[in-house]
2 protein chains.
Amino acid sequence: MTDTNANLKTAVRGVLLATAAGLAFGAHADEGMWMPSQLPQIADQLAAAGYKRDPAALADLTRPPMSAVVSLGGCTASFVSPQGLVVTNHHCAYGAIQLNSTPQNNLMADGFNAATLKDEVSAGPAARVFVTTDFDRVTDRVLANARGKTGRDYYDAVDSASKALVAHCEQDAGYRCSVANMYYGTDFYLVKQLELKDIRLVYAPPESIGKYGGEIDNFMWPRHSGDFAFYRAYVGRDGKPAAFSPDNVPYRPKAFLEVSTDPVAEGDFAMLAGYPGRTFRHRTAAEFADQVGTQLPERVDLYAAMIDTIERAAANDADAGVLYASQVASMKNNLKRAQGELDGLRRSDAVGVRKRDEAAMLAWLDRQPDAADARRDIDAAAAVIAQSQATRERDQLFGLMRSQTQLLKSAMQLQRLAVERAKPDAERETGYQLRDEAQIEASLKQVQRRYAPQVEKALLAELLTRYRALPADQRIAELDAVFGTDKTQAATALDALYSGTRLDEEAERLRLLAADPAQISASTDPLMQAAAKLLPAQLRIADAEKASDGELLRLRPAYMRALIGFRESQGQAVYPDANSTLRVSYGKVSSLDPRDGVHYTPLTTVQGIVEKHTGEDPFDAPQTLRDAITKGDFGSTVDPVLGTQTVNLMTNLDTTGGNSGSPVMDANGRLIGLNFDSNWEAVSASWMYDPRYKRAIHVDVRYLRWLMGKVYPAPNLLREMELPLE
Amino acid sequence: MTDTNANLKTAVRGVLLATAAGLAFGAHADEGMWMPSQLPQIADQLAAAGYKRDPAALADLTRPPMSAVVSLGGCTASFVSPQGLVVTNHHCAYGAIQLNSTPQNNLMADGFNAATLKDEVSAGPAARVFVTTDFDRVTDRVLANARGKTGRDYYDAVDSASKALVAHCEQDAGYRCSVANMYYGTDFYLVKQLELKDIRLVYAPPESIGKYGGEIDNFMWPRHSGDFAFYRAYVGRDGKPAAFSPDNVPYRPKAFLEVSTDPVAEGDFAMLAGYPGRTFRHRTAAEFADQVGTQLPERVDLYAAMIDTIERAAANDADAGVLYASQVASMKNNLKRAQGELDGLRRSDAVGVRKRDEAAMLAWLDRQPDAADARRDIDAAAAVIAQSQATRERDQLFGLMRSQTQLLKSAMQLQRLAVERAKPDAERETGYQLRDEAQIEASLKQVQRRYAPQVEKALLAELLTRYRALPADQRIAELDAVFGTDKTQAATALDALYSGTRLDEEAERLRLLAADPAQISASTDPLMQAAAKLLPAQLRIADAEKASDGELLRLRPAYMRALIGFRESQGQAVYPDANSTLRVSYGKVSSLDPRDGVHYTPLTTVQGIVEKHTGEDPFDAPQTLRDAITKGDFGSTVDPVLGTQTVNLMTNLDTTGGNSGSPVMDANGRLIGLNFDSNWEAVSASWMYDPRYKRAIHVDVRYLRWLMGKVYPAPNLLREMELPLE
């Protein structure tokens, strides 16, 4: 596909599709990742959408249902019994399942079903359940010392105020605290979470159910995965968080979710709470244009070129092919995601939609009394953004030279570590503290399994060629000093570096890891010397980034306040972009028309498991499950309309990474599903919620109940959740 | 997928799906490829399905609409104006479009639009339009001399009576006649067709519209292809068929179809007439079991092995890879079709359904007065079928040794030709008559482009290994004499044959083509000598096949009569299996649920063209079309419900190969679509019509009208069809 055609396609689609759908930002009833504290403000919307309880109650994190929604750190989960029973995704509990698996007792393959509390096994010392207990606005305290400052100083002032607040908060034993930045520096909240540390595995289906469809079905609908598992949180006999001990007792949560026993159908109200990671919905129109017009196409082009370079360099060397297989697979995944995001944003005409919206916002702003000040900050922010965009490709290329190589990366790590080791541990850069050294050692040890010299040289040659094609004012003196300024010089330099280095020997790398700074600086290894030359450039660029981040922290709030004011003038509330804090979205059970002529129904059934079954992973449904499907005894979990057992469920809920395991609730706040994925058409949703394509994929709790009732029975758990046994 | 798993899958599916759908043969309102003469018999069904005209009129081939439905030989078409205008598929007219294309005037790329009659161009001397004028039952005359005979004698008697009837019929100049065998020898019909020979190309869209989606979308829904073109049939000034001449005039058909201007929606009645090629719906349960249990799995295994053998033999030889690319592509297509048919028949539990139906038929038969005689013939037919099944794999392997090779095939052809040349031309075997020699020469000439010795030897070694693994009583003495009886002997023989032969030289092959029988038999070329040894085996097997065909021609009618009687007792008519004669099917515009969670709507729209457009073949929609879509001016062809322009249309009509170009009509017999494909889920429909999956894919005439009205305007043709210009 040529660019011309791609643009044309975009243009046609823009006119045809986006216009037809009347897309606009902030205009979709079902878009939004709301802070619980905002829900009373949008009570009318929630009620109109079908929520039957008091929306005001959702704002109180100490009351149900919100106090039942917990974070596992990366995943979301919820309490479903007064005895601390927690339900989440199979893939969120996978580490714990793996940890407890042995060749003789393979919980991954066979699943796990603790008959009694005593049979529950530890999810490991790192497993956590975080219960959010407080969420307080601390904007004034965070910004008190920042006001009047700019750039790096502003950044440092915010950082140090935040650290002080956290330290004070964490004086309360058993709690973990953090400061969350809302609306890009406009507001700050102190988040206080009870940190439960004795987490045990209670129930998991075999992975041939929990991961049914695997990578092939990942991001796909229709889906047929039993992606759920149960944990239980334990505390000391004093009721306080404690590390694993046989003496511990189940934690008694302040609230737990009731599991629904009602059927679910298209159009039903649905609500989800969880900890979504990161979105970019409120970025500026210029940032949208840059993402769609430059960043994503560049990433697609760059990753395609790197994949091609590695594959060509490894073409006649089967060993090299194996050594780079995992890196290439990861690059292909990156490429696919970038292409999917690009296609999606183009299909939604995200740039045009955002541009029109921003223009309307600015027009509104200009009619407000304090327009001039706001405009000044908004324009200044735009200049900072433009400035960092100007060197982004260069910085990215330099970053890839370090992250996508093995020997050069090792040399840079060793040089950086020598610099950081000269500081007190607390002041070392994250990633280079004492506690990180084991990880660095592991990384240095695995070089052998991922390295072939001709491939690393070819990859660097490719990245250097791209670097040299950038405008001359973007040159990095240190890079030029090491690799020269043309293709021939680069080839000569690479040959010399890689024929002269001994970093391809594990013993040498570990010797340098153990060496003191003086020994490092005395190293005559050509790659170590090159890394020493390059390090100042890396540090300089990182410093510039922090200064730029500080300026944006100072300036973006003007943009966000204008946006909030503009939306308010239209009677609309604005949710902050996702930042791993507790959020709520609401919407409905929804079908999807992914493309002309195709309609996806919102409920899948066990018939789909049989249709997909091949007997080979990832479509190897267990005999026990297939027999149960054939038997067709679905009891109380049968869908009254479909006349069979449902498996997965689709809604239009607003989710992103981090929402895995999020409870999906009905109009009465009862659990009807567990979020575990979204659809391929929605891969661009981190930038734009397009109501035509944004869907979330959940395990229907009726499938979970059927499996636990009739297939791999867990009657005690069903009783604990006050659910029918069959 | 192991066989065990596959069987298990089938078993589960059988229970789950087939039972749920209550599948049975002969029980679906919409199944059937009816002879027009049967339609009065099923008038009530037709009326109940929604047909609004007199079904009796459909039986008269001299009246509309049936007299408007014509054969192109392989494809179907229909008259749509009193001036002999014919509409069919773009892919059916492709040869004519290609023939008239030059680099300067590329009709394939640019389409064709004759402004006036004078601009219409010849579709070539081989192009034909056959108008069926008579369809008379001649069973008694065909079987008069066969009665009392068996085997080969029965076959010859039927053959010679048929030839006599055809010769007599063709005394009427301008007609082509044939005898069609209905219900496997139960009935014979003399088909008389007017043979129009001056066929001209009138209108065709660019192939980027006519073949939009190409091989990728082939067999797929949703579809977005403008697969249509217009011909015009010409005759001499006397109104009689004549070869191309500028003096000829448009043929005035006895009837033509009116093109509908009404919208179409799901559930609407639809009817299709055409010349379907071949189906196997009324084969015995044992044949179904053999097809699903043995033939198709064998074919899958065999083709996979041949592909693997060729790919391995060509692995280190890029040239060989190129030489065999087309053969491998064809084998892969065969493999895919066989796997699709197998999956489909298993999914439908075709064997179980057919077995239960046959058991019920035999139980019914046993209660009839003449049961004993019928049973005797049915059992005898089963024995003949079992007998030919016993050697089928062997005969197939021997056949593949000839058809999938180049040098061995050439040697066998040359030897066979020498034998046939000794006979009067009329008595020579089809394929070896004088008129076939040009084709043989062409085939001998193209050897160079498709041959590498190590590949042909590897392929023969593989086929011989499979042959030797068969039971000892299936040995072919001649094959053993040439290739030995174990792997080592075969390898030695192949080395000797291929190192000694000169058949890899084109000059040598052409010299032998020109040689007389004595020279052929004196040839010392080792492959020519091997072929001479193998030829008697080939002839012997062919003779045995004819004897077996004769027996089945004699015996199957008992089975068919029992089936017809059984169905009659249930109030159902039986259509004969397809045999390239004119048939009618009826049903409705239908959506499809191809798998759990997925629903296909029955109408696609121009939005799908935009969605699929990549700018690269086969998704390279012309700028003109895309501009027109963007403009959105759909005038009288807009779909009132969808609010946009439809493209393709799906029905549940009963079709098979040969139905390409068939007119699809509404309840009033007006043209609403042109059949051009069926869906992948229906690839097994030649054996079993499964109402859950059998669909046919058509061009919506509204897309055709819009293209001709607004995109590539042909106002004269629209006027000729009395259609609105926009």
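Residues numbered from 1 in each chain as written. Chains lettered and ligands numbered in written order. Predicted model: local features only at pLDDT ≥ 70, side-chain atom pairs only at ≥ 80, totals over all residues. Heavy atoms only, no water.

With an unreviewed UniProt entry as reference, chain A is termed Dipeptidyl-peptidase, source organism Novilysobacter ciconiae. Chain A has a UniProt comment under Function (unreviewed entry) that states "Catalyzes the removal of dipeptides from the N-terminus of oligopeptides." (UniProt positions renumbered as here; feature names shortened; annotations may be inferred.)

Enquirer: Could you give me a rundown of the overall build of chain A, with the residues and numbers involved?
Expert: Counting secondary structure elements, chain A contains 26 helices and 20 strands. A globule of 726 residues ought to have a C-alpha radius of gyration of about 27 Å, and chain A, at 27 Å, matches this closely. Across the 726 residues of chain A, 58% fall into the buried class. Excluding contacts between residues fewer than 6 apart, the proportion of contacts in chain A whose partners are at least 24 apart in sequence is 77%. Each charge class in chain A can be summarised by its mean position, and for the 81 positive and 94 negative side chains these summaries are 1 Å apart. (Helix = DSSP H or I, 4+ residues; strand = E, 2+ residues; numbered from the N terminus. Rg over C-alpha atoms; globule rule 2.2 N^0.38 Å. Buried < 20%, exposed > 50% of the residue type's maximum accessible area, 1.4 Å probe, protein only. Contact = heavy atoms within 4.5 Å. Lys, Arg positive; Asp, Glu negative; His and termini not counted. Charge placed at Lys NZ, Arg CZ, Asp CG, Glu CD.)

Enquirer: Give a description of the packing of aromatic side chains that names residues and reports values.
Expert: Residues and elements named next belong to chain A. Applying the stated criterion across every chain yields a total of 30 aromatic pairs over all chains. Their ring planes at 80 degrees and their centres at 5.9 Å tell us that Phe219 and Trp680 sit as a pair that is edge-to-face. Here the residue Phe219 occupies a position in the loop between helix 8 (214-217) and strand 10 (229-235), and Trp680 occupies one in the loop between strand 19 (671-678) and strand 20 (696-700), the gap between them amounting to 461 residues. Given the relative accessible area of 23%, Trp680 is considered partly exposed. Summarising the aromatic geometry, the rings of Phe288 and Trp687 are spaced 5.0 Å apart at their centres and angled 90 degrees between planes, so their arrangement reads as edge-to-face. Placement of the pair is Phe288 in helix 9 (residues 285-313) and Trp687 in the loop between strand 19 and strand 20, with a sequence separation of 399 residues. For Phe288, a relative accessible area of 1% gives the class buried. Take Trp687: its relative accessible area is 6%, and that puts it in the buried class. (Phe/Tyr/Trp six-rings, centres within 6.5 Å; stacked < 30°, edge-to-face > 60°.)

Enquirer: Give me the state of the cysteines: which residues, what numbers.
Expert: Residues and elements named next belong to chain A. If you walk through the whole model with that rule in mind, you get 4 disulfides over all chains. The disulfide partner of Cys75 is Cys92, and the S-S distance across this bridge is 2.1 Å. With the S-S bond torsion at -75 degrees, the cross-link from Cys75 to Cys92 turns out left-handed. Residue Cys75 is located in the loop between strand 1 (69-71) and strand 2 (76-79), and its partner Cys92 is located in the loop between strand 3 (85-88) and helix 3 (94-99); the two are separated by 17 residues in the primary sequence. Residue Cys75 shares its accessibility class with Cys92, and that shared class is buried. Each sulfur of the disulfide joining Cys169 and Cys177 lies 1.9 Å from the other. Between Cys169 and Cys177, the disulfide has an S-S torsion of -65 degrees and is therefore left-handed. (Disulfide = S-S within 2.5 Å.)

Enquirer: Mind laying out the packing of helix 15 (residues 407-421) of chain B against helix 16 (residues 437-445) of chain B, listing which residues take part and the relevant values?
Expert: Residue and element names in this part refer to chain B. As a packed pair, helix 15 and helix 16 sit with axes 11 Å apart at the nearest point and diverge in direction by 160 degrees. Here helix 15 lies roughly antiparallel to helix 16, going by the angle between them. Seen from above, helix 15 lies across helix 16 with left-handed handedness. Across the interface between the two elements, Ser410, Gln413, Leu414, Leu417 and Arg421 of helix 15 pack against Glu437, Ile440, Ser443 and Leu444 of helix 16. (Axes fitted to C-alpha atoms, helices over the stretch in contact; angles between N-to-C directions. Parallel < 35°, antiparallel > 145°, perpendicular 65-115°, else oblique. Left-handed = near helix turned anticlockwise from the far one by under 90°.)

Enquirer: Got a sec to walk through the side chain of Glu298(A)? Specific residues and values, please.
Expert: One can find Glu298(A) in helix 9. Setting aside residues up to four positions removed in sequence, Glu298(A) forms contacts with Arg392(A), Glu393(A) and Gln396(A).

Enquirer: Give me the lowdown on the pattern of salt bridges, citing residues and values where you can.
Expert: All names here are of chain A. As enumerated under the stated definition, the model contains 104 salt bridges over all chains in all. Measuring nitrogen to oxygen at the nearest pair gives 2.8 Å for the salt bridge that ties Asp172 to Lys192. Of this pair, Asp172 sits in the loop between helix 6 (151-169) and strand 7 (175-182) while Lys192 sits in strand 8 (residues 187-196); the two residues are 20 residues apart in sequence, bridging distant segments of the chain. Looking at Asp172, the relative accessible area reads 34%, which means it is partly exposed. The buried category is assigned to Lys192, whose relative accessible area is 17%. (Salt bridge = Lys/Arg side-chain N within 4 Å of Asp/Glu carboxyl O.)

Enquirer: Let's hear about the environment of Arg695(B): which residues, and what values?
Expert: Residue and element names in this part refer to chain B. Mapped onto the fold, Arg695 is located in the loop between strand 19 (671-678) and strand 20 (696-700). Along the chain, Arg695 and Val589 lie 106 residues apart, while their C-alpha atoms are 9.3 Å from each other. Excluding residues that lie within four positions of it along the chain, Arg695 makes contacts with Ser590, Ser591, Leu592, Met650, Thr651, Asn652, Ser678, Asn679 and Ala682. Within polar-contact distance, the side chain of Arg695 engages the backbone oxygen of Pro691 at 3.0 Å. (Polar contact = N/O pair within 3.5 Å; in protein donor to acceptor, adjacent residues only side chain to side chain.)

Enquirer: Break down the side chain of Asn659(A) for me, citing the residues and quoting the values.
Expert: Residue and element names in this part refer to chain A. Tracing the backbone shows Asn659 in the loop between strand 17 (646-651) and strand 18 (663-665). What makes Asn659 buried here is its relative accessible area of 1%. Among residues more than four places away in sequence, those in contact with Asn659 are Thr76, Leu272, Gly274, Tyr275, Pro276, Asp654 and Asn675.

Enquirer: How would you summarise the confidence of the model for chain A if you had to cite specific residues and measurements?
Expert: Residues and elements named next belong to chain A. Residue-level pLDDT values for chain A average 93, and 96% of them are 70 or greater. Note that pLDDT drops below 50 for residues 1-22; the model gives that stretch 35 contacts with residues more than four away or on any other chain. As a predicted assembly, this complex carries a pTM of 0.87 together with an ipTM value of 0.85. (pLDDT = per-residue confidence, 0-100.)

Enquirer: So what's going on with the domain arrangement of chain A? Which residues, and what values?
Expert: Residues and elements named next belong to chain A. Here chain A is partitioned into domain 1 (285-557) and domain 2 (583-716). Summed over both partners, the interface of domain 1 with domain 2 comes to about 1,100 Å²; 68% of that surface belongs to carbon and sulfur atoms. Between the two partners, domain 1 and domain 2, sit 0 salt bridges. The tally of links between domain 1 and domain 2 comes to 3 residue pairs in polar contact (both at pLDDT 80 or more). Those elements giving two or more residues to the side of domain 1 that touches domain 2 turn out to be helix 9, helix 11 (325-347) and helix 12 (350-366). A per-element tally of the side of domain 1 that touches domain 2 places helix 11 first, with 7 residues. For the side of domain 1 that touches domain 2, the class distribution of residues is 4 nonpolar, 4 polar and 5 charged. (Domains from an automatic or database assignment. Buried area = accessible area lost by both parts, 1.4 Å probe. Nonpolar A, V, L, I, M, F, W, Y, C, P; charged D, E, K, R; others polar.)

Enquirer: Tell me about helix 20 (residues 506-514) of chain B, and name the residues and values.
Expert: Residue and element names in this part refer to chain B. By the burial criterion, the buried members of helix 20 are Glu508, Arg509, Leu512 and Leu513. Buried residues in helix 20, looked at end-on, bunch into an arc of 140 degrees, giving them a common side. In this structure, helix 20 carries Ala507 and Ala514 as exposed residues pointing more than 90 degrees from its buried face. Buried residues in helix 20 make contact with helix 15, helix 16, helix 21 (517-522) and helix 22 (526-569). (Arc of directions from axis to C-beta.)

Enquirer: Let's hear about the sheet that holds strand 16 (residues 603-605) of chain B: which residues, and what values?
Expert: Strand pairing within a sheet occurs via backbone hydrogen bonds; the two strands may be parallel or antiparallel. Residues and elements named next belong to chain B. Pairing within the open sheet is antiparallel, and its 7 strands lie in the order 13-12-18-19-20-17-16. For this open sheet the edge positions go to strand 13 (583-588) and strand 16, each flanked by a neighbour on one side alone. This sheet shows a mean twist of 30 degrees between the axes of neighbouring strands, independent of strand direction. Sheet topology note: the strand 12 (residues 269-274)/strand 13 ladder contains 6 bridges and is antiparallel. The residue bridging Ala270 from the neighbouring strand is Gly587, located in strand 13. With respect to the sheet, helix 25 (residues 701-711) is in contact with strand 16, strand 17 (646-651), strand 19 and strand 20, its orientation differing from that of strand 20 by roughly 30 degrees. (Pairing = 2+ DSSP bridges.)

Enquirer: Quick one: what's the story with unusual backbone geometry, residue by residue and with numbers?
Expert: Residue Pro65(B) is bonded to the preceding Pro64(B) through a cis peptide linkage, with omega at 0 degrees. Summarising the element assignment, Pro65(B) is placed in the loop between helix 2 (43-49) and strand 1 (69-71). Along the chain, Trp221(B) connects to Pro222(B) via a cis peptide bond; the corresponding omega equals 0 degrees. Inspection of the secondary structure assignment puts Pro222(B) in the loop between helix 8 (214-217) and strand 10 (229-235). Of note in this structure, Tyr184(A) is not a glycine but carries a positive phi near 55 degrees. The residue Tyr184(A) is located in the loop between strand 7 and strand 8 in this model. A relative accessible area of 17% places Tyr184(A) in the buried class.

Enquirer: Describe the sheet that holds strand 12 (residues 269-274) of chain A, with residues and values.
Expert: Residues and elements named next belong to chain A. On the basis of which strands lie adjacent, the open sheet formed by 7 strands has the order 13-12-18-19-20-17-16 and antiparallel pairing. The open sheet has two free edges, formed respectively by strand 13 (583-588) and strand 16 (603-605), since each of these has just one partner strand. Sheet twist, expressed as the mean angle between neighbouring strand axes with direction ignored, is 30 degrees. Strands strand 16, strand 17, strand 19 and strand 20 of the sheet are contacted by helix 25 (residues 701-711), whose axis makes an angle of about 30 degrees with strand 20.

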